[in-house]
Amino acid sequence: MTAIARGHEAEHLCVGVDGVELAVRVEGSGPPIVLVHGSLDDHRAWERVVPHLAGNHRVHTYDRRGHGRSTCPPGQGRISEDVADLAGMIRALGLDAPLVVGHSYGSSTSLLLGAHHPELTGGLLVHEPPLFTLLREDAATRPLADQATEHMRHAAALIERGLVADGLRIFVDGAAFGPGTWDGLFTPKIRQICIDNADTWLDQSRDPERLAVRPELLAGYPHPLVISHGGASLPTYGPVAERVAAAVPGALRHVMPGAGHAPHLSHPVEFAELVLDTAVRVAAARAVRSPSAR
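Residues take numbers from 1 onward in each chain, read along the sequence in its written order. Local features are withheld for residues below a pLDDT of 70 in this predicted model, meaning they are given only at 70 or higher, and side-chain atom pairs are given and counted only at 80 or more; totals for whole chains, interfaces and linings count all residues. Each side-chain value is worked out from all heavy atoms of the structure, with water and hydrogens disregarded.

(A) Quick look at the overall build of the protein. Strands are runs of DSSP state E lasting at least 2 residues, helices are runs of H or I lasting at least 4, and numbering of each runs from the N terminus. Tallying secondary structure elements over the protein gives 10 helices and 8 strands in all. Each radius of gyration reported is based on C-alpha atoms, and the globular scaling rule is 2.2 Å times the count of residues to the power 0.38. Taking 2.2 N^0.38 as the reference for a compact globule, 294 residues should give roughly 19 Å; the C-alpha atoms of the protein span a radius of gyration of 18 Å, in line with that estimate. If you line up the protein on its principal axes, its C-alpha atoms span 55 × 40 × 40 Å. Within the protein, buried positions represent 54% of all 294 residues. Contacts in the protein between residues at least 24 apart in sequence constitute 73% of all its contacts with a sequence separation of at least 6. Computed by Shrake-Rupley with a 1.4 Å probe, the accessible areas treat only the displayed protein chains as cover when residues are assessed. Total accessible area on the protein is roughly 12,300 Å²; 54% of this is exposed by carbon and sulfur atoms. Computing the positive centroid from 26 side-chain charges and the negative centroid from 33, the protein places the two 2 Å apart. Whether a residue is buried, partly exposed or exposed follows from its accessible area with a 1.4 Å probe, protein chains only, as a fraction of its type maximum: under 20%, in between, or over 50%, in that order. Between two residues, a contact is recorded if the distance between any of their heavy atoms is within 4.5 Å. Residues scored as positive are Lys and Arg, those scored as negative are Asp and Glu, and His as well as the terminal groups of each chain are ignored. Where a charge lies is defined by one atom per residue type, namely NZ (Lys), CZ (Arg), CG (Asp) and CD (Glu).

Here's what the structure looks like:
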């Protein structure tokens, strides 16, 4: 079992990156971990996990641009901007090769960070990146991609008409998390966070870059990489995880029994254990590297 942190005062920071102010929360002490939230969320998505990590690690959560207390510049957003924000935050805070943990869209962001800035990371743990375009490459999985795309189109149309909660329920239950999540797993607080971030989700859904993450970009990634998916997740995520793991030499695929798309909410202790296990891998890989490589 993980030890829950006691007596650690959280530090709230505002980090400027390329004209965007990112709201950052830091808690605990020890080797750094950065947690990157997914669509419709903010840093509070990790509230059930952080206490299990902060006893032995310095944990950084933040609101991605356009979410929570971070600022949102005008114009069409790009996932490349999220990657630049993450890289800039790591540099600004002087973090030494942290373990970067991503969920959903935050996993896509984390994978691109590893591809383009491997020197800024010590390892990656990504849970269910929504790289559904990979499913179109196989006739057996192409219908899964078509179904997810249709749910997202329907959700976007409803939100554009002002039916925000209805649209988000379609997206959450149909394309992202699974049936019953919006009214079941999500609390009223989580549903309100989603509603508050709906405009950013719409912008994200129009980003031509968002689905262009290719696992081959990480073929030379030099640090530990773990990709996880839930045993009870929608059927889109398992095949994506298989394709990513197969494309990256040394990558590990981990299945979380009984969990779905949001193990940080439904199985926080188990997910924290996975994060800590990955952190051990990162520390071991770091110890193997010669001092001259640092």
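(B) Up close: the packing of helix 4 (residues 142–160) against helix 7 (residues 198–205). Contact geometry of helix 4 with helix 7 gives a least axis separation of 11 Å together with a crossing angle of 135°. Considering their axes alone, helix 4 and helix 7 lie oblique with respect to each other. The chirality of how helix 4 crosses helix 7 is left-handed. Between helix 4 and helix 7, the residues in contact are Met152, Ala155, Ala156, Ile159 and Glu160 and Ala198, Trp201 and Leu202, respectively. Each residue is assigned to one of three groups, with Ala, Val, Leu, Ile, Met, Phe, Trp, Tyr, Cys and Pro labelled nonpolar, Asp, Glu, Lys and Arg labelled charged, and all others, Gly among them, labelled polar. Of the residues assigned to the contact of helix 4 with helix 7, the class counts are 7 nonpolar, no polar and 1 charged. The axes are straight lines fitted to the C-alpha atoms, using for helices just the contacting stretch, and the angles between their N-to-C directions are given from 0 to 180°. Angular relationships are summarised with four words: roughly parallel below 35 degrees, roughly antiparallel beyond 145, roughly perpendicular across 65 to 115, and oblique for the angles in between. Less than a right angle of anticlockwise turn of the near helix away from the far helix marks a crossing as left-handed, whereas a clockwise turn marks it as right-handed.

(C) Layout of the sheet that holds strand 4 (residues 58–62). Should DSSP find at least two bridges between two strands, the strands are regarded as paired. An order of 1-2-4-3-5-6-7-8 is seen for the 8 strands of this open sheet, with the pairing classed as mixed. Each end of this open sheet is capped by a strand with a single partner; those strands are strand 1 (11–17) and strand 8 (252–256). Neighbour-to-neighbour, the strand axes of the sheet open up by a mean angle of 20°, direction not taken into account. In this sheet, strand 8 lies alongside strand 7 (residues 225–230) in parallel orientation, the contact comprising 5 bridges. Residue pairing across strands places His229 opposite Val255, the latter belonging to strand 8. Docked against the sheet, helix 2 (residues 79–92) engages strand 1, strand 2 (20–27), strand 3 (32–36), strand 4 and strand 5 (99–103), running at close to 120° with respect to strand 1. Along the sheet face, helix 8 (residues 237–247) touches strand 7 and strand 8 and points at about 165° away from the line of strand 7.

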